Amino acid sequence: MTHDDAVRSRFAETAEGVAAHAREQVEWLREELRAFLAPLRGDERALDSGTGAGPLALALAPLVGEVVGIDLVPELLDAARLDAPPNATFVEGDVTALPFESFSFDLACSRRTLHHVSRPELAVAELARVTRPGGRVLVDDQLAPMDPLAAFELDRFERRRDPSHNRTLSDGDLRDLFAANGLTLVRKKAFTHRRDLDSYLGLAGCTGEDAEHVKELSPGDRGHYVAESGWYLCVNHLG
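Here we summarise the structure given alongside this text. (Residues numbered from 1 in each chain as written. Predicted model: local features only at pLDDT ≥ 70, side-chain atom pairs only at ≥ 80, totals over all residues. Heavy atoms only, no water.)

Of regular secondary structure, the protein possesses nine helices and seven strands. Reported as C-alpha extents along the three principal axes, the dimensions of the protein are approximately 50 × 40 × 35 Å. A burial count over the protein gives 52% of its 239 residues as buried. Positive and negative charge centroids in the protein, built from 27 and 40 side chains respectively, lie 4 Å apart. (Helix = DSSP H or I, 4+ residues; strand = E, 2+ residues; numbered from the N terminus. Buried < 20%, exposed > 50% of the residue type's maximum accessible area, 1.4 Å probe, protein only. Lys, Arg positive; Asp, Glu negative; His and termini not counted. Charge placed at Lys NZ, Arg CZ, Asp CG, Glu CD.)

A word on unusual backbone geometry. With an omega of 5 degrees, the peptide bond running from A38 to P39 counts as cis. The phi angle at F103 is positive, at roughly 60 degrees, despite the residue not being glycine. When you line up the elements, F103 lands in the loop between β3 (88-92) and β4 (105-111).

Our next topic: the environment of E216. Following the sequence through the fold, E216 ends up in the loop between α9 (208-215) and β7 (224-236). As a C-alpha pair, E216 and L77 span 139 residues in sequence and 34 Å in three-dimensional space. At 2.5 Å, the side chain of E216 and the side chain of R222 are in polar contact. (Polar contact = N/O pair within 3.5 Å; in protein donor to acceptor, adjacent residues only side chain to side chain.)

Attention shifts here to the environment of R160. Within the secondary structure, R160 is located in helix α6 (residues 148-161). The spacing of R160 and L201 is 41 residues in sequence and 9.8 Å in space, taken between C-alpha atoms.

Turning our attention to the packing of aromatic side chains. On inspection of all chains with the given rule, the structure shows nine aromatic pairs. With 6.3 Å between their ring centres and 70 degrees between their planes, W28 and W231 make a pair best called edge-to-face. Here W28, found in helix α2 (residues 15-36), pairs with W231, found in strand β7; they are 203 residues apart in sequence, far enough to count as distant. Between F100 and F105, the aromatic rings sit 5.3 Å apart at their centres with planes inclined by 85 degrees, giving edge-to-face as the arrangement. On the basis of relative accessibility, which here comes to 15%, the residue F100 falls in the buried class. We classify F105 as buried; its relative accessible area is 1%. Ring pairing ties together the aromatic residues W28, F36, F191 and W231, which thus form one cluster. Above the face of the F105 ring, R45 is positioned so that its terminal group lies 4.2 Å from the ring centre. The ring of F36 has R187 lying over it, and the distance from NZ or CZ to the ring centre is 5.9 Å. (Phe/Tyr/Trp six-rings, centres within 6.5 Å; stacked < 30°, edge-to-face > 60°. Lys NZ or Arg CZ within 6 Å of the ring centre and 35° of its normal.)

Let us look at the pattern of salt bridges. On inspection of all chains with the given rule, the structure shows 22 salt bridges. Note that E126 and R129 form a salt bridge whose closest N and O atoms lie 2.7 Å from each other. One end of the pair, E126, and the other, R129, are both in helix α5 (residues 120-130), three residues apart, so they sit about a helical turn from each other. Looking at E126, the relative accessible area reads 11%, which means it is buried. For D173, the salt bridge identified is with R167, shortest N-O distance 3.3 Å. Taking relative accessible area as the criterion, D173 reaches 26% and is therefore assigned partly exposed. Salt bridges linked by common partners bring D198, E212, K215, E216 and R222 together as one network. (Salt bridge = Lys/Arg side-chain N within 4 Å of Asp/Glu carboxyl O.)

What follows is the structure, given as structure tokens:
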């Protein structure tokens, strides 16, 4: 089984719960995006790469002219289409080989996707490629701890919880990927999340005896752990 197959399998099996979780986030995300991306003209063409069930794309839709979401998992795309307004479309595809022309978006986004990708450097390169010169790239993901041992332990836990997980990138990893692709970081926002383990494991379909074993690897305790994530907004200066 390839890593992409693992991603499809994991999210096909948990699509209903993932979609329900996504719907709960749309309104909160919209208000956060409205502030973080300001100013927006309202006529932008936006991409949500690795859209899943579409929370970011659906949050963006009223703020831009058009938004396209792309993902590997048909079941999640079907869920996104259920709530999609006319200016939001969803297509199946690979975030490391986007089926779009270069410089065809004003805003290209990736939310909670890079840690599922076996070659995240290709996913970031594709975000940069499809963004017009002067356009913007938004990346949101969980961040690995600076301590290499703590980062290793976090990834060991995440892979046992969710076989589609590849590696959590650090702040430094992301900044290096941006720089390598001509993306200039202009804004960052940090988030701290206290994760309830039962609900977090359940979201990945990790339940019962498997969940009890995974809790032993928790970077916190058997009930919860604290995760850090970051939003990064970059301007594309290549093209």
